[in-house]
Amino acid sequence: MSQVRTGLLTTGAGGDVVLRRVVVRVVSGASRGAEALLEEGTLVIGTHPDADLRVDDPTVSRFHAELGLLAEGVRVRDLGSTNGTFVGESRIEVAVLPPSAELRVGKSRIEIVPADVPVPDAPPETTRFGPLVGQSATMRRAFGLFEGAAALDAPVLIEGEAGTGKSEGAEAIHHASARRGGPLVVLDLSVTSEVEAHAARAAGGTLVIERLDHASAPQASALVAVLDRRERGELDFRPIGTSRVDLRRRVEEGALRRDLYFHLAAVRVVLPPLRDRREDIPVLVAELAARLGHPNLGLSADELAPLASHAFQGNVRELARLLEHALSATGRPTAGPAPVITAPSEDDGIAALPFKEAKEQLVESFEARYVAALLARHEGNLSRAASEAGLDRNYLARLAKKHGLR
C-alpha cells in the first residue's frame, strides 16, 4: 500500500476492499452542522467538553452515547443517558446500524454518513508475504489484504482448510506490524479455554485465536468479553482469528455468536486450497526445497507432472512432507539427482497428516459422500432421507448445508 490511512479495513457492499470510516454529524438543534470523523476506536457524543462530538442540547447527557466501527456497520451504545438514545421510535441500549443511518440523542438528530476510502488491490508483483508464496491471483489478493491489515491495527479473520497457511499468515501479519516488538500469543480453542489469561499475556502484541470453529459457548462468551474490553481501550492487543470452515455459515446456522464473528472479521482473508491454485505448485516446490537445503533445485514440467492431479487434502503442508520425503531419498543434503516425486494415493496423503487432522478429513469426506448419496436416493426430500438414515431432519439439513448440498 502506497499510503497508510486510518480506518477499519473491511469489504464494502460491492466486494471491494475499503478503509471503513464514517462522518457523524448533528442535523438538528443548536449544534446543527457539528461533525466528527470516526475512523478508529470509538466516538462519544455528549455535552461535556471532552466528548468527541459535543452537542449543545440540554436534553443530551454529558456522555450520552458511544459509537464504534465494526465490519458490518456502526455499533451505537447508550451510556446510561437520562433521555435515551433512539433509532427511529425505538429506544436502544446497544444496536448495530448500517454505515448510512440516523439516530436521536435527546432532542437532537444525528446522521451517520459513509466516508470509506478504497484500498487498491495487491500489485501484480506481490508474490509472497512472510513465509507464504504464490503467484496465483487468489494468493496475490490475500497478500494484499495481509499487507493492509499489517499496516493498521484491525482485527483479522483467516479462513482455510488445514495446511493452507493460516497460522503462518497470522504470524507474518504480527511481524510486519507496528506490534512486532510485542508478544505473539497463540490461543488454540481446541486445547484450552484460558481466554482471559492469554489475552493478558498478549498485551502490547498480537493474540492469535486458532480453531474458532471449535469455540464452545463458554469460550465464545469469554472471547466477546475480552474483545469488548479491547474495543473500550481496557486491553491492548490485536486479535487474529483462524478457522478451517466458513464462519459466516456457522453464524447463519446459529452455531456461532454473531457478535464474536463481527468482532474479528474486520478483515476476512480466505486462503484457497492447493488444488484450486495448482499454478503455484512450481514456486512452492522451489521455496520448500530451498528451506530443505536445496536452493538450486530445478524440476522440469515432466518431473512435476505427478502433482498435477493430486487432491492434496493436506494442502501445502502435505506438499512439504511429500517433497521432504523425496529429497531425503536422494541421500544428499544440498545437491544430487532430482528427486522422484510420486503423487501419493488418497490414503497415503491422509497417512501423512497428524492423526487428528487425518481423522477430521476422513469424517468430513464420509459425511459429504453419505449425505449426497442419501439425498440423491430420495430426490432431495429431507424428511424421507432423514427417516431412512435414522437422523433428525434438522440435523440432516445442517449437514447438507455444511457440504454445499442445499
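Right above here is the structure, for reference.
Residues numbered from 1 in each chain as written. Predicted model: local features only at pLDDT ≥ 70, side-chain atom pairs only at ≥ 80, totals over all residues. Heavy atoms only, no water.

Visitor: Explain the environment of Glu 367 to me, please; I cannot follow it from the model alone.
Guide: Tracing the chain through its elements places Glu 367 in helix 11 (residues 355-377). Exposure remark for Glu 367: the relative accessible area of 15% places this residue in the buried category. Through-space distance from the C-alpha of Glu 367 to that of Lys 402 is 9.7 Å; in sequence the pair is 35 residues apart. (Helix = DSSP H or I, 4+ residues; strand = E, 2+ residues; numbered from the N terminus. Buried < 20%, exposed > 50% of the residue type's maximum accessible area, 1.4 Å probe, protein only.)

Visitor: In this structure, what is going on with the pattern of salt bridges? I would like to understand it.
Guide: Here the idea is simple: oppositely charged side chains can pair when their charged atoms come close. One pass over the structure, following the stated rule, counts 20 salt bridges. Two residues, Arg 21 and Glu 39, come together in a salt bridge whose shortest N-O distance is 3.2 Å. Within this pair, whereas Arg 21 is found in the loop between strand 2 (17-20) and strand 3 (22-26), its partner Glu 39 is found in the loop between strand 4 (35-38) and strand 5 (42-46), the two being separated by 18 residues in sequence. Relative accessible area serves as the criterion here: at 18%, Arg 21 is assigned to the buried category. For Arg 211, the salt bridge is made with Asp 213, and the minimal N-O distance between the two is 3.7 Å. Of the two residues, Arg 211 and Asp 213, both sit in the buried class. (Salt bridge = Lys/Arg side-chain N within 4 Å of Asp/Glu carboxyl O.)

Visitor: Would you mind showing me how to read helix 4 (residues 217-231) here?
Guide: Because an α-helix completes one turn every 3.6 residues, residues spaced three or four positions apart along the sequence face the same direction. Over its 15 residues, helix 4 extends 21 Å from the first C-alpha to the last, a length consistent with the 21 Å expected when each residue adds 1.5 Å. All of the buried residues in helix 4 are Gln 219, Ala 220, Leu 223, Val 224, Val 226, Leu 227, Asp 228, Arg 230 and Glu 231. Immediately beyond the C-terminal end of helix 4, within one or two residues, lies Gly 233, with a positive phi of roughly 85°. (Expected span 1.5 Å × (residues − 1).)

Visitor: Please explain the environment of Leu 399 as it appears in this structure.
Guide: Within the secondary structure layout, Leu 399 lies in helix 13 (residues 393-402). Excluding residues within four positions of it along the chain, Leu 399 makes contact with Glu 367 and Val 371. (Contact = heavy atoms within 4.5 Å.)

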